[in-house]
Amino acid sequence: MTRLKSLLATTAATVLLMLAVPAFAQYRQWPTPLPPAPIWGDFDSGHTWHDAAWWWQSQPEWVKQHHPEWWGEFDDDHMWHPAWWWWNTQPGWVRAHHPEWWGDYYQGNWYPATWWYQTQPDWAREHHPEWWGDVDGGVWYPAGWWWQQRRDWVLQNHPEWWGDTWEDQWYPAPWWWQLQPQWVIAHHPDWWGDYYEGVWYAAPWWYQYHPDWVPLHHPDWWGEFDNHHYWRPAGWWWRYSPDWVRQNHPDWWGEFDGQHMWRPAGWWWHNDPDWVRQNHPEWWGAFDDSKIWRPASWWYATKPDWARENHPNWWGDFDDKHVWHTDTWWHQRDAAWADQHHPEWKGDFDDKHAWHDLHWWAQINPAWAMQHHPEWKDAMSESVARQHGEQEEALRNHHNVELQELERSRSQQQQEAARTQAAQLRQLQQKHDAETAAFERQHLQEYQQRTKAAPENAGGAGGDWQRVEADHTQQAAELVRRHQQETQALARQQAAGQQAAERQHFAQQQDLQRQHAEQMQSFERQHAQQVRAFEPARGGGNVAAPHGGGGGHVEAPHGGGMEHH
C-alpha cells in the first residue's frame, strides 16, 4: 500500500456507486447457509495448500502469471489482505486505487464478482455488465485472467474488454481512466466510456442503462447491439461482420493494426497521423480541448456551429434520427437524395466504384481530378490549404505525445532503478553484517578455546594473547576497509548506470526530434507537390494516372480488412 500511495499520491479519490440493499426477489433464491467469500489459494510443488497471502508474499511473480484474479494488496506492515478486507476496512482507499476490484455489498459485506456470479449470476449480469469476465471450468474469472491466460479467445470473443498491462499485471480501462487518464488519452482514445457519479463505465454499460444519453453526447462511440442485445463496439463488428459494416456503417472509420487489432480513426490520428493523412484523408475530425480526437459526427452533434465555421469541407447531413453522416455515407445509402439536396457535394467514383468527394481526390490523386474535373480546381486548392493546417496540428500533437511517453518511461525507469539500487544496498549491507558477525564469532571462539587451555591468560596477560588481539584489531580494520571499498564500488556502479540511462534518454530525445523534423519536411514536400498540381501546366500539362489509379494508392472502402504495419 505504501508503494501505491507514493506512486498515485496525486490521484483524487472518486465516489463509487454501490447498492446498499440490492433487490433480489426476482432472482434465484439465496443458498442456505450463505456461501462465504471465496478462499483464494493453491497447492505448491509438495502438494501443500497455501492461501493467496502466502503466495503473494513468497511467489508474487507466479501469482501474476497464474492467478491475477486474486485481488488484494499489502498493508503498511507488509501483510497481504484480499480485496474484501480492504473494501470492509478502507473502502475510500480502494475506490481511489483499485476500481478494478469488481464486486458489491450484500448485508453490509463486500463480495467479489466471482462470488456474485456463483450465487446470483442473473443479478450480476443485469446490474454489473461492466464486470468483464466469463466462466471457465465452472468458475467465473475476470477479464484480466482471460487476457493473460486466453488472449486469443478474448481477441475472438471480447475485444471490447479494453485494458493494458502495468508492471506485469493487466488492468481494465476503468483503472486506467481513473489513475492514468493522460496515458489513456495518448494511447487508447478508443477505450470509449465516461464517468457516472465519479466512476468510469465503458460504452456497453452506457448503452444498456442510458441509451438516450449516448447519441447526444457520444455519437463517436461506434457500435451496435448483437443478437443477444449486448452492445458491441465497431472493432468487434469489423472483425466478425465486415460486410454488414460496409453496407450499414461505412462511417465507422478505422483499420486493423499489425497485431490484427481494429483501431478506430481517433487511435490512428493519435498514433500515426502521417499514415492517416496519406491513406485516409476522409477520416474527418479534430482534437478537442482534452487532446482527444473526435470525428466529424461528434462535432456536428455537440458543436455544430463550430464545425460549420471551422470545417466547411466536412460535407454531410443529419438523418431522420438526427444522426450526422458524411457525404460518402449518403451517396452509398441514397445517392438520389444526396444529388437532390446537396448538389454542392462534388465527387466521383474510383476504380472500385467507391464514391469519394473532391476533398479526398485533392489529397489522394489531384492530377486525375484536375484532368477529369478542372472545375474543381479552386475548391480543391482551398481544401488542400485547409487540411494542411489540420494535418500539421495532428503531427505536432503526435510528437508531443511521443515526448510525454518518453518522459513517462523515463520516470518509471528511474523508480525501478531506485528500487533496484536500494535492494542492492540492502543485500550488500546484509552481506557485510554477516561477514562481521562471522568474524567476531570466530574471534570469540578462539578466545574461549585459549581461556579453557590457559586460564591464567583469561585477563588478557601474556605476549601470545596480546599478539592475537593486535592481529584481530588489524583484521577488523581491514574488514571495515574492504566493506567501504565494496560500498563505494557499488555506488560508482550505480552512478555509472544512472549516467548511461541519462545518455540513453538524451539520445532518444534527440532521435524523436530528428524523426519529427524529417516527418515535417516530408509533409511539407508532399504539400508542395499537391499545390503544384493546381498550378497552370508547363510544357505539355499534367500527365494523369488512369481513373482512380492514384499511383497505386487508392484504398479499399473504410476498414476493408487491409492491415497496417
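First things first, this report covers the structure right here in the doc. For clarity, every value in this text was computed on a predicted model and none was experimentally measured.

Parameters at a glance
Residues numbered from 1 in each chain as written. Predicted model: local features only at pLDDT ≥ 70, side-chain atom pairs only at ≥ 80, totals over all residues. Heavy atoms only, no water. Helix = DSSP H or I, 4+ residues; strand = E, 2+ residues; numbered from the N terminus. Buried < 20%, exposed > 50% of the residue type's maximum accessible area, 1.4 Å probe, protein only. Contact = heavy atoms within 4.5 Å. Areas by Shrake-Rupley, 256 points an atom, 1.4 Å probe, with all protein chains shown as cover. Phe/Tyr/Trp six-rings, centres within 6.5 Å; stacked < 30°, edge-to-face > 60°. Lys NZ or Arg CZ within 6 Å of the ring centre and 35° of its normal. Pairing = 2+ DSSP bridges. Salt bridge = Lys/Arg side-chain N within 4 Å of Asp/Glu carboxyl O. Expected span 1.5 Å × (residues − 1). Bend = angle between axes of the 7 residues up to and from the residue. Patch = residues over 30% accessible without salt bridge, like charges linked within 9 Å, V, L, I, M, F, W, Y side chains within 5 Å.

### Quick word on the overall build of the protein chain
And step 1. Scanning the protein chain from terminus to terminus reveals 24 helices and 22 strands.
And step 2. In the protein chain, which comprises 565 residues, the share counted as buried stands at 46%.
And step 3. Pairs at least 24 apart in sequence give 58% of the contacts found in the protein chain among residues at least 6 apart.
And step 4. If you sum the accessible surface of the protein chain, you get close to 29300 Å²; carbon and sulfur atoms cover 51% of it.

### Side note on unusual backbone geometry
And step 1. Although it is not a glycine, H78 adopts a positive phi angle of roughly 60 degrees.
And step 2. When you line up the elements, H78 lands in the loop between β3 (72-74) and β4 (80-82).

### Side note on the packing of aromatic side chains
And step 1. Under the criterion given, the structure shown has 58 aromatic pairs.
And step 2. Between W54 and W55, the aromatic rings sit 4.9 Å apart at their centres with planes inclined by 90 degrees, giving edge-to-face as the arrangement.
And step 3. For W55, a relative accessible area of 4% puts it in the buried group.
And step 4. With a centroid separation of 4.0 Å and 15 degrees between ring planes, the pair formed by Y201 and W205 is classed as stacked. The same class applies to Y201 and to W205, which are both buried.
And step 5. Clustering of aromatic rings is evident, with ring pairs tying together W71, W102, W132, W162, W192, W222 and W253.
And step 6. Of note, R294 hangs over the ring of W298, and the distance from its end group to the ring centre comes to 4.9 Å.

### Quick notes on the pairing of strand β11 (residues 193-196)
And step 1. Of the pairings in the sheet, the one linking β11 to strand β12 (residues 199-202) comprises four bridges and is antiparallel in character. Bridging across to β12, D194 finds its partner in Y201.
And step 2. The turn joining β11 and β12, which pair antiparallel and follow one another in sequence, is formed by two residues; a positive phi near 50 degrees is taken by E197.

### Section: the environment of A307
And step 1. The residue A307 is located in helix α19 (residues 304-310) in this model.
And step 2. We classify A307 as buried; its relative accessible area is 0%.
And step 3. Here the alpha-carbon distance between A307 and A286, two residues 21 residues apart in the chain, equals 9.6 Å.
And step 4. In this view, A307 contacts W299, Y300, P312 and W314; residues no more than four positions away in its chain are not counted.

### Quick look at the pattern of salt bridges
And step 1. Evaluation of the coordinates by the stated rule reveals 24 salt bridges.
And step 2. The salt bridge partner of D122 is R125, with a shortest N-O separation of 2.8 Å. Residue D122 and its partner R125 are both found in helix α7 (residues 121-127); the two are separated by three residues, about one turn of the helix.
And step 3. The salt bridge partner of D220 is R294, with a shortest N-O separation of 3.1 Å. With D220 in the loop between α13 (213-217) and β13 (223-225) and R294 in strand β18 (residues 293-295), this pair connects stretches of sequence that are 74 residues apart.
And step 4. Exposure remark for D220: the relative accessible area of 5% places this residue in the buried category.

### A word on helix α20 (residues 327-341)
Since the α-helix turns once every 3.6 residues, residues separated by three or four places project in the same direction.
And step 1. Compared with an ideal rise of 1.5 Å per residue, which puts 15 residues at 21 Å, α20 spans 11 Å between its outermost C-alpha atoms and falls more than 12% short.
And step 2. Along its length, α20 shows its largest kink, about 125 degrees, at D334.
And step 3. Turning to α20, its buried residues number three or more, namely D327, T328, W329, W330, H331 and A338.
And step 4. Against the buried residues of α20 lie α15 (242-248), β19 (316-318), β20 (324-326) and β22 (355-357).

### Some remarks on a nonpolar patch on the surface
And step 1. On the surface, I39, F43 and W49 cluster together to form a nonpolar patch covering roughly 340 Å² of accessible area.
And step 2. On the secondary structure map, I39 appears in the loop between α1 (2-7) and β1 (41-43).
And step 3. Overall, the relative accessible area of 69% leaves I39 in the exposed class.

### Details of the side chain of H516
And step 1. By the secondary structure assignment, H516 is in helix α24 (residues 463-533).
And step 2. A residue is classified by how much of its surface remains accessible, and H516, at 14% relative accessible area, is buried.
And step 3. The contacts of H516, once residues within four sequence positions are left out, are L395, R396 and H399.

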